[in-house]
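Residues per chain, in single letters:
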Amino acid sequence: MTLAYSPNAAALVTFVVAGLVTALVVPVVRALGLRYDLVDPPDPRKQHTAPMVRLGGVGIVAGFSLALTLTWLAGGFADLPPDKDRLIWTTLAGSLCFFVIGLADDLFALPPLPRLAGQVAVAMAVWDQGVRIGSIELPFESLHGLHQALPPLLTLPPGLSLLATVVWLVGITNAINWLDGLDGLAAGVSGIAAIGLLSVSFSLAQPAAGLLAAALAGACLGFLRHNFNPARIFMGDGGSYFLGFALAAISIVGPAKGLTGVSLLLPLLILSLPLADMSAVIMGRLSEGRSPFYPDRRHLHHRLLRSGLSHRRTVVLIYAFTQWLGALALVLANAENRFLWLALATAVLIAAVVMSRRSVQQELR
């Protein structure tokens, strides 16, 4: 019997393998980074006060890639049609290319425009291989029954499909990259978002996309073992680019099981926090006549820190809001026990907000 006969078991194995491999590889990467002085020095804009290895993305990539490879060898993707199987490996290849772009920036401090040009080029390449937004759907009609196929609201012509796909892939990638400002923040938010995509994918009978999300969630958890405050290693731009592109691509490979379009509202909801943060930062910079790439301290996590929250409470509060958005997406996807999950997520969010307010009040006394 192969994993193809049990999607839930395949997802669990993929998640566990990705987490274990990442957790084991990251300390090796850290040791090598310290030996060869591949570190990120502190500066006034950053939170760390000592040089930190910023190559943790290598461990994330290793965990994600090895877990997917083992799942494929065990038959986890066996029921996928050959023409759809390409989408899975195109997603992996695109994620690796984005990782290389980020790694080059970590090692050689690339200017913003060459990085952006490389991202756009890779996004166009994966669009050409079928990872694309071909139509945009809204999921509300699916509330009438599980797995009900929705008529596309808008079928996109090739040019508009290319533009929408590039903006989606590059936009989410940079949103996750810009979120990587506190220990454990980008990895935790990405892991929670990946679990949300996993749940939604399985609810919509799209297990192939779910397995990709399971691998990503496991890799994020394995990395958090070494990255949660106080962090011992950073993921670097290589890691954040990899996570961002993988999340964006996973959200549009759901058609791998035969649907003709993709509902962008669900992943948009799950990823709305980093996207909203990036949009607000860009608008703020442009309003001051600065470049969108100008570094500053106007991100959401910076604002929460200035309000009096500690490093950890800031991260946990953002975690809580992200998991609530994921639960809300489950409701829209008509997932089983969706209102129970939303109620639990709401309780977690309320508890996090109450604890954060008490923490700030105690600091002000």
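S.K.: Please give an account of the overall build of the protein that cites residues and values.
M.R.: Across its full length, the protein carries 13 helices and 5 strands. Sorting the 365 residues of the protein into buried and exposed places 52% on the buried side. Of all intrachain contacts in the protein linking residues separated by at least 6 positions in sequence, the fraction that spans at least 24 positions is 74%. Total accessible area on the protein is roughly 16,200 Å²; 68% of this is exposed by carbon and sulfur atoms.

S.K.: Which residues make up the packing of aromatic side chains, and what values do they have?
M.R.: Under the criterion given, the structure shown has 5 aromatic pairs. Measuring from ring centre to ring centre gives 5.3 Å for Phe 64 and Phe 242, while their planes differ by 85°; the resulting arrangement is edge-to-face. Placement of Phe 64 in helix H2 (residues 57–73) and of Phe 242 in helix H8 (residues 236–250) is noted, with a sequence separation of 178 residues between them. Here Phe 64 and Phe 242 have matching classes, each one buried. Taken together, a centroid distance of 4.6 Å and an interplanar angle of 25° make the contact between Phe 98 and Phe 245 stacked.

S.K.: Talk me through helix H10 (residues 272–287); I want residue IDs and the actual numbers.
M.R.: The terminal C-alpha atoms of H10, which comprises 16 residues, lie 22 Å apart, in line with the 22 Å expected from a rise of 1.5 Å per residue. Leu 273, Pro 274, Leu 275, Asp 277, Met 278, Val 281, Gly 284 and Arg 285 are the residues of H10 that are buried. Of the surrounding secondary structure, the elements contacted by the buried residues of H10 are helix H5 (158–179), helix H9 (265–270), helix H11 (300–306) and helix H12 (311–332). Following H10 by one or two positions, Gly 289 has its phi on the positive side, about 75°.

S.K.: For the nonpolar core, give the residues involved together with the corresponding values.
M.R.: With 95 residues, the main nonpolar core has Phe 64, Leu 169, Leu 216, Phe 242, Leu 243 and Leu 247 as its most contacted residues. Apart from the residues within four sequence positions on either side, Leu 216 is in contact with Phe 64, Ala 194, Phe 242, Leu 243, Ala 246, Leu 247 and Ile 250.

S.K.: Which residues make up the pattern of salt bridges, and what values go with them?
M.R.: If you walk through the whole model with that rule in mind, you get 8 salt bridges. The salt bridge involving Arg 54 is made with Asp 237; its shortest N-O contact spans 3.7 Å. Remark: Asp 237 occurs in helix H8 and Arg 54 occurs in the loop between strand E2 (52–53) and H2; sequence separation between them is 183 residues. On the accessibility criterion, Arg 54 (18% relative accessible area) is buried. Judged by its relative accessible area of 11%, Asp 237 is buried. Here the salt bridges do not stand alone but share partners, grouping Arg 285, Glu 288, Arg 290, Asp 296 and Arg 298 into one network.

S.K.: I'd like a description of the packing of helix H6 (residues 185–203) against H12, backed by residues and values.
M.R.: Where H6 meets H12, the axes come as close as 9 Å, and the angle between the chain directions of the two elements is 15°. The angle between the axes of H6 and H12 places the two elements in the roughly parallel class. The chirality of how H6 crosses H12 is right-handed. On H12, the residues touching Leu 185, Gly 188, Val 189, Ile 192, Ala 193, Ser 199 and Val 200 of H6 are Val 315, Ile 318, Tyr 319, Thr 322, Gln 323, Ala 329 and Leu 330.

S.K.: Kindly report on the layout of surface pockets, identifying the contributing residues and their values.
M.R.: If you add up the space inside the second largest pocket, you get close to 670 Å³. Around the second largest pocket sit 24 residues that line it, and Ile 195, Leu 198, Ser 199, Leu 330 and Trp 341 are the ones nearest its centre. Only helix H1 (7–35), H6, helix H7 (207–227), H12 and helix H13 (338–364) provide two or more residues apiece to the lining of the second largest pocket. It is H6 that provides the largest number of residues to the lining of the second largest pocket, a total of 7 residues.

S.K.: Now, about the packing of H2 against H7: what can you tell me, with residues and values included?
M.R.: A pair of packed helices is captured by two measures, namely the crossing angle of their axes and the spacing between those axes. Following both chains from N to C, one finds H2 and H7 inclined at 145°, their axes separated by 9 Å at the closest point. Considering only the axes of H2 and H7, their crossing is right-handed. Note on element contacts: H7 touches H2 through Leu 211, Leu 212, Ala 215, Leu 216, Ala 219 and Phe 223, opposite Ile 60, Phe 64, Ala 67, Leu 68 and Thr 71.

S.K.: Let's hear about the confidence of the model for the protein: which residues, and what values?
M.R.: Per-chain confidence: the protein averages 87 in pLDDT, with 86% of residues scoring 70 or above. At the level of individual helices and strands, the protein shows its lowest average pLDDT in strand E5 (residues 262–263), which scores 52, and its highest in helix H4 (residues 112–128), which scores 97. Within the model, the stretch residues 139–152 combines pLDDT values under 50 with 30 contacts to residues more than four positions away or in other chains. In this model residues 255–262 is a low-confidence stretch, pLDDT under 50, and it forms 23 contacts with partners more than four residues away in sequence or in other chains.

S.K.: Please set out the environment of Ala 121 residue by residue, giving values where relevant.
M.R.: With respect to the helices, strands and loops of the structure, Ala 121 is situated in helix H4. Of the residues examined, Ala 121 reaches a relative accessible area of 44% and is grouped as partly exposed. Sequence spacing of Ala 121 and Val 166 is 45 residues, and the spatial spacing of their C-alpha atoms is 8.8 Å.

S.K.: Hey, could you go over the side chain of Asp 106 for me, with residue numbers and the actual values?
M.R.: By the secondary structure assignment, Asp 106 is in helix H3 (residues 82–108). The class of Asp 106 is buried, set by a relative accessible area of 14%. A distance of 2.9 Å separates a polar atom in the side chain of Asp 106 from a polar atom in the side chain of Arg 54. Not counting residues within four places of it along the chain, the set of residues in contact with Asp 106 comprises Arg 54, Leu 55, Met 235, Gly 236, Asp 237 and Gly 238.

S.K.: Which residues make up a nonpolar patch on the surface, and what values go with them?
M.R.: Taken together, the side chains of Val 28, Leu 32, Tyr 36, Leu 38, Leu 107 and Phe 108 present a nonpolar region at the surface, about 600 Å² in accessible area. Breaking the nonpolar patch down by element, the ones donating at least two residues are H1 and H3. Structurally, Phe 108 can be placed in helix H3. Phe 108 sits in the exposed class, given a relative accessible area of 61%.

Cut-offs applied
- Residues numbered from 1 in each chain as written.
- Predicted model: local features only at pLDDT ≥ 70, side-chain atom pairs only at ≥ 80, totals over all residues.
- Heavy atoms only, no water.
- Helix = DSSP H or I, 4+ residues; strand = E, 2+ residues; numbered from the N terminus.
- Buried < 20%, exposed > 50% of the residue type's maximum accessible area, 1.4 Å probe, protein only.
- Contact = heavy atoms within 4.5 Å.
- Areas by Shrake-Rupley, 256 points an atom, 1.4 Å probe, with all protein chains shown as cover.
- Phe/Tyr/Trp six-rings, centres within 6.5 Å; stacked < 30°, edge-to-face > 60°.
- Expected span 1.5 Å × (residues − 1).
- Core = buried A, V, L, I, M, F, W, Y, C linked by side-chain atoms within 4.5 Å.
- Salt bridge = Lys/Arg side-chain N within 4 Å of Asp/Glu carboxyl O.
- Axes fitted to C-alpha atoms, helices over the stretch in contact; angles between N-to-C directions.
- Parallel < 35°, antiparallel > 145°, perpendicular 65-115°, else oblique.
- Left-handed = near helix turned anticlockwise from the far one by under 90°.
- 1 Å grid on protein atoms, 1.4 Å probe; cavity = no way out; pocket = protein on both sides within 12 Å on 5 of 7 lines; lining within 4 Å.
- Points joined across faces, edges and corners; volume = space filled by probe spheres on them.
- pLDDT = per-residue confidence, 0-100.
- Polar contact = N/O pair within 3.5 Å; in protein donor to acceptor, adjacent residues only side chain to side chain.
- Patch = residues over 30% accessible without salt bridge, like charges linked within 9 Å, V, L, I, M, F, W, Y side chains within 5 Å.

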